[in-house]
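Analysis of the macromolecular model
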Amino acid sequence: MAKLFRAAIMGPPGSGKGTISKRIAESFGLQYLSSGHYLRESIAANTEAGVMVKTYVERSMMVPDHVMTGLMLPRLEQLIGHSWLLDGFPRTLTQAQALNNLCQLDLVISLNIPYETLRERLSDRWIHPASGRVYNMGFNHPRVQGKDDITGEPLIQHDDDKPEALMARLRHYKDVAKPVIDLYKSQGILHSFSGTETDRIWPYINTLLSKIVMPPTNARQTQTP
Ligand code: G5P
Ligand code: MG
């Protein structure tokens, strides 16, 4: 990799952050840090913090900023000298400012997915509660219906993925994300992608990152003489 690269991916619940982050991590060899994953890890560890976090995540409420920064920033401090991608963090202006104090992002991907698409996806979503692995009937279905691929344990559906709860979550997401998006826009690092299918959005993100993360060695020759 030519130079260190620090990026974040933002988007409402179910917008494809996790799916696209995995593709970016695989294609470009970035370390991939998911806030949702670390929260679920702390819940599974059943620590004092984990028990508190659970009360928020269970209700799909935002975990307080100081808890999130306390969870994410020390991990990033350990990754000095590495390129990385953040999935789901920062999600509020306070989190973005705390991150800015640690380092400057090179690029932020924002996913704009229509509400109807999110509703359909999340109502089709099944989760393995112990690991947080997510399946989607039709797009990313389990090998055996209703069972986790790795453990064979039963999959569940969240009450929060029901339409009324989802609408409230999406409205809240928009309100909280707007100042963060405005901040990154003002820094000139925001790239927004709209669409209803991850497979159609991915080639655009792949092309963008191919230019930035691994600039072609003949980049100088392609400039207009
Ligand atoms: P998470 O874990 O970050 P959410 O709710 O933000 O959770 P989620 O559900 O993980 O986001 P995603 O990662 O954006 O969604 O999307 P995904 O998992 O890739 O795709 C969603 C589903 O659609 C999957 O089943 C996937 O297979 C399918 N899919 C993807 N693309 C397509 C497609 O093109 N077609 C179809 N048909 N299907 C597709 O955070 C969890 C909780 O932790 C807290 C919050 O409480 C949050 O609710 N939290 C924070 N709180 C405060 N600050 C933070 N920074 C926080 N981070 C997390
Ligand atoms: Mg996710």
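The structure displayed is predicted, hence computed values, not measured ones.

1. Some details on the pattern of salt bridges
Throughout the structure, instances matching the rule amount to 6 salt bridges. Here arginine 23 makes a salt bridge to aspartate 199, at a shortest N to O gap of 2.8 Å. Highlighted residues: arginine 23 in helix α1 (residues 17–28) and aspartate 199 in helix α8 (residues 198–213), separated in sequence by 176 residues. Owing to a relative accessible area of 45%, aspartate 199 belongs among the partly exposed residues under this scheme. Lysine 178 is paired through a salt bridge with aspartate 182; the nearest N and O atoms lie 2.8 Å apart. Pair noted here: lysine 178 and aspartate 182 are both in helix α7 (residues 163–186), with a separation of 4 residues, about one helical turn.

2. Section: α7
The first and last C-alpha atoms of α7 sit 34 Å apart over 24 residues, in line with the 34 Å expected at 1.5 Å per residue. If you look at α7, its biggest bend is around 40°, right at alanine 177, and the proline proline 179 turns up within four residues after that. For α7, the elements touching its buried residues are β1 (6–10), α5 (93–102), β4 (107–112), α6 (115–123), β5 (125–128) and β7 (190–194). Once α7 finishes, glycine 188 follows within two positions and takes phi at roughly 75°, a positive value.

3. Notes on the packing of aromatic side chains
Counted by the stated rule, this structure contains 0 aromatic pairs. When the ring centre of tyrosine 38 is taken as origin, the NZ or CZ atom of arginine 75, which lies over that ring, is 3.8 Å away.

4. Section: the environment of threonine 47
Relative to the helices and strands, threonine 47 resides in the loop between α2 (35–45) and α3 (48–57). Taking the C-alpha atoms as reference, threonine 47 lies 39 Å from serine 186; in sequence the two are 139 residues apart. At 3.0 Å, the side chain of threonine 47 and the backbone nitrogen of glycine 50 are in polar contact.

5. Thoughts on the sheet that holds strand β3 (residues 84–87)
If you walk across this open sheet you meet the 5 strands as β2-β3-β1-β4-β7, and the pairing is parallel. At either end of the open sheet lies a strand with only one pairing partner, and these are β2 (31–34) and β7. Strand-to-strand twist of the sheet, defined as the mean angle between neighbouring strand axes without regard to direction, takes the value 20°. Note that β2 and β3 share 4 bridges and pair parallel. What sits directly across from serine 34, in β3, is aspartate 87. Of the strands in this sheet, β1, β4 and β7 are in contact with α7, which crosses β1 at around 150°.

6. Notes on the site of ligand 1
Close to ligand 1 lie 32 residues; Thr19, Ser35, Met61, Arg125 and Thr198 are nearest. Isolated, ligand 1 exposes 1000 Å² of accessible area, and the fraction of that covered by the protein chains is 90%. Elements supplying a minimum of two residues to the shell around ligand 1: α1, α2 and β6 (133–136). Examining the composition of the shell around ligand 1, we find that 4 residues originate from one element, α2, more than from any other. Residues belonging to the shell around ligand 1 are distributed by class as follows: 12 nonpolar, 13 polar and 7 charged.

7. Some remarks on the packing of helix α4 (residues 65–77) against α5
At a minimum axis separation of 10 Å, α4 and α5 run at an interaxial angle of 25°. In terms of orientation, α4 lies roughly parallel with respect to α5. The handedness of the crossing between α4 and α5 is right-handed. Only Thr94, Gln95, Ala98, Leu99 and Leu102 of α5 make contact with α4, whose side of the interface consists of Asp65, Met68, Thr69, Leu73, Leu76 and Glu77. Broken down by class, the residue content of the contact of α4 with α5 amounts to 6 nonpolar, 3 polar and 2 charged.

Basis of the calculations
Residues numbered from 1 in each chain as written. Chains lettered and ligands numbered in written order. Predicted model: local features only at pLDDT ≥ 70, side-chain atom pairs only at ≥ 80, totals over all residues. Heavy atoms only, no water. Salt bridge = Lys/Arg side-chain N within 4 Å of Asp/Glu carboxyl O. Helix = DSSP H or I, 4+ residues; strand = E, 2+ residues; numbered from the N terminus. Buried < 20%, exposed > 50% of the residue type's maximum accessible area, 1.4 Å probe, protein only. Expected span 1.5 Å × (residues − 1). Bend = angle between axes of the 7 residues up to and from the residue. Contact = heavy atoms within 4.5 Å. Phe/Tyr/Trp six-rings, centres within 6.5 Å; stacked < 30°, edge-to-face > 60°. Lys NZ or Arg CZ within 6 Å of the ring centre and 35° of its normal. Polar contact = N/O pair within 3.5 Å; in protein donor to acceptor, adjacent residues only side chain to side chain. Pairing = 2+ DSSP bridges. Axes fitted to C-alpha atoms, helices over the stretch in contact; angles between N-to-C directions. Near = heavy atom within 4 Å. Areas by Shrake-Rupley, 256 points an atom, 1.4 Å probe, with all protein chains shown as cover. Nonpolar A, V, L, I, M, F, W, Y, C, P; charged D, E, K, R; others polar. Parallel < 35°, antiparallel > 145°, perpendicular 65-115°, else oblique. Left-handed = near helix turned anticlockwise from the far one by under 90°.

Read these as layout, nothing more, since geometry by itself doesn't imply function.
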